[in-house]
Amino acid sequence: MTVETSDIQITTLGEEPGAKSLKVEIAAERVKALEQSATSYYAKRARLPGFRKGKAPLSVVRKQYRDAIRERVIRDLIGDGWKVAVERESLKPIADPRVRSLSYEDGEPVTFEVSVEVKPELDLARLGNFRVTRNVAPVTDEAVTAQLDELRQQKATWVPIEGERPAATQMASVSIATIEDDTPSESRQYQVVLGAGQAIPDLEEAIMTLLPGDTTDATVRYPDDFPDESKRGQSRHVRITLHDVKRQELPELDDALAHELGDFDSVADLRKAVRDDLENHATREADAEVRQRLVDEIVTANGVEAPRPLVQRVLSAYAETYGVPDDQLERFTSEFRPIAERQVLRDLIIDHVAERGQLAATEDDVDQRVQELAVHRKMEPGKLYASLQKANQLREIERGITEEKVFQSLLEQSDIVNE
C-alpha cells in the first residue's frame, strides 16, 4: 500500500505483529527546498576569508559547507518522512525507527527505508471472571531465626585460629600459583570462605589439608557447570600456600545488638520487626504471583501471542544488561525467551487495559506519589521531584501507578481466593 501526501510517499514493505517496515520517497522539489534552506542557514552564519559575515556567495557557501548542508538536509528529510509515516500509517512506535538504504542523489528524489517496533492491536474479549488462588507463604520461627542470624553475621568478626587445619565456614588466606612445565607462575593472594562457593571444590579440598604455613602442589579440575565455559572440565596444576585461618565469631543476640542494628529497645522488638518484614515480603510475593496468574489467564482465554520483534527487543536488552558474550548469545536467548515472552505479554495487556479504561497515571497521581515519598524520606517534595526527574525515574513512578490501577481493575473483575 502506498500513501501519498503532497511530496512524500509512504509504501509498506512488510509488517507483522509488533513491527513494520516502510519505504519513504521524498520528491526532488522538497529536497531542493530543504537544500536551499540549509544553505541560507549557513550563509547567514558563515565567516569566510574575503567576505563579511553573511555576505559570502551561496555558491561559495555550498562548496565550503557541503557536508554540513547535506547532513542537515538528511536529518530534516528523515524527520519529515518519519512524521508523515507515523500520522498516515497510524503507527504507535515503542522505539526509535531504524533507517537504512538511504539514496540521496543530486536532482533526484530521496528514498530510504525505516523499520520500527510498534504496539500491536490486541483483541481482548475477556478480562475477568477468572478464579485465582492467592497463597501467602507462612513465616516460620525458623525463617525468623535464619534472618536474625544473617543480621548477626553482618556484625560478626573474624578471629584467628592457631595450629588447626581450616574447615567449612572458616576463612583461609592463601597464595595460589599455576604450575606449567614445572615452573610456577607468580602467586596471587586470596581470602576464601570455605564452603561458600567462592572456590572450586578441588581447590577447597586441597586447602583443608594444610596447616598455616604449609605449601602443597595439587591438581584441580574445573566442574562441568563452571560459569566460564572455556574452563569446564579442564585441570590445572597449582601450588597452594596457607597463610592463616580465621573463624567467624557472631555477636550475642541481646538487647545491645538489637539497639545497634536498628535502635530497637529489645531482642523481642527486633524479632517482631524481622517477622513483620518477612510477612510483608511474603504478602508482596503472593500479590505479585496473583497478578502474573491473572495475566496468564487473560493470555490463555484470548489466545494472545507475544510478537516476535518485541520479544527479540527484550532479549537484546537482557543480553546487554547481563553483558552476554556473542558465543553464549544463542544459549542465553533460548533460556530467557519464555521470560521475555511473559514480560512482553504482561506489558501489552497492561497498556491495553490502561488505554481502554483510561487508567494511565496522571500528573496529579505522580505529584501525589512524590509527596508521599518525600514524607517517607523526610525531603522537600520539590527537591525530590527534581532529583527523580534528573535521574529519569519519574517514568518508573508513572508506570508503577498505572500498573497499580490496571491490576486493581482486573482484580475486581475476578474471584481471588485466599488459601
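Residues numbered from 1 in each chain as written. Predicted model: local features only at pLDDT ≥ 70, side-chain atom pairs only at ≥ 80, totals over all residues. Heavy atoms only, no water.

**Looking at the overall build of the protein chain**
In terms of helices and strands, the protein chain carries twelve helices and 13 strands. For 419 residues, the compact-globule formula gives about 22 Å, and the C-alpha radius of gyration of the protein chain, at 32 Å, lies well above that figure. On the principal axes, the C-alpha backbone points of the protein chain span a range of 90 × 70 × 45 Å. Looking at the protein chain as a whole, 35% of its 419 residues qualify as buried. (Helix = DSSP H or I, 4+ residues; strand = E, 2+ residues; numbered from the N terminus. Rg over C-alpha atoms; globule rule 2.2 N^0.38 Å. Buried < 20%, exposed > 50% of the residue type's maximum accessible area, 1.4 Å probe, protein only.)

**With respect to the pattern of salt bridges**
The tally for this structure, following the rule as stated, stands at 30 salt bridges. Among the ionic pairs, Arg66 bridges to Asp67, the shortest N-O distance being 3.8 Å. A residue is classified by how much of its surface remains accessible, and Asp67, at 58% relative accessible area, is exposed. Residue Arg134 is joined to Asp287 by a salt bridge in which the shortest nitrogen-to-oxygen separation is 2.8 Å. In this pair, Arg134 is assigned in strand E6 (residues 131-134) and Asp287 in helix H7 (residues 267-302), connecting sequence segments 153 residues apart. Note on Asp287: relative accessible area 32%, which makes it partly exposed. Taken together, the shared-partner salt bridges connect Arg346, Asp347, Asp351, Arg399 and Glu403 into one network. (Salt bridge = Lys/Arg side-chain N within 4 Å of Asp/Glu carboxyl O.)

**Section: the layout of surface pockets**
By volume, the largest pocket amounts to about 410 Å³. Along its surface, the largest pocket is lined by 18 residues, and Ile176, Tyr190, Leu203, Tyr222 and Val238 are the ones closest to its centre. Taken together, the elements giving at least two residues each to the lining of the largest pocket come down to strand E8 (171-180), strand E10 (188-193) and strand E12 (235-249). Tallied by class, the residues present in the lining of the largest pocket amount to eleven nonpolar, three polar and four charged. (1 Å grid on protein atoms, 1.4 Å probe; cavity = no way out; pocket = protein on both sides within 12 Å on 5 of 7 lines; lining within 4 Å. Points joined across faces, edges and corners; volume = space filled by probe spheres on them. Nonpolar A, V, L, I, M, F, W, Y, C, P; charged D, E, K, R; others polar.)

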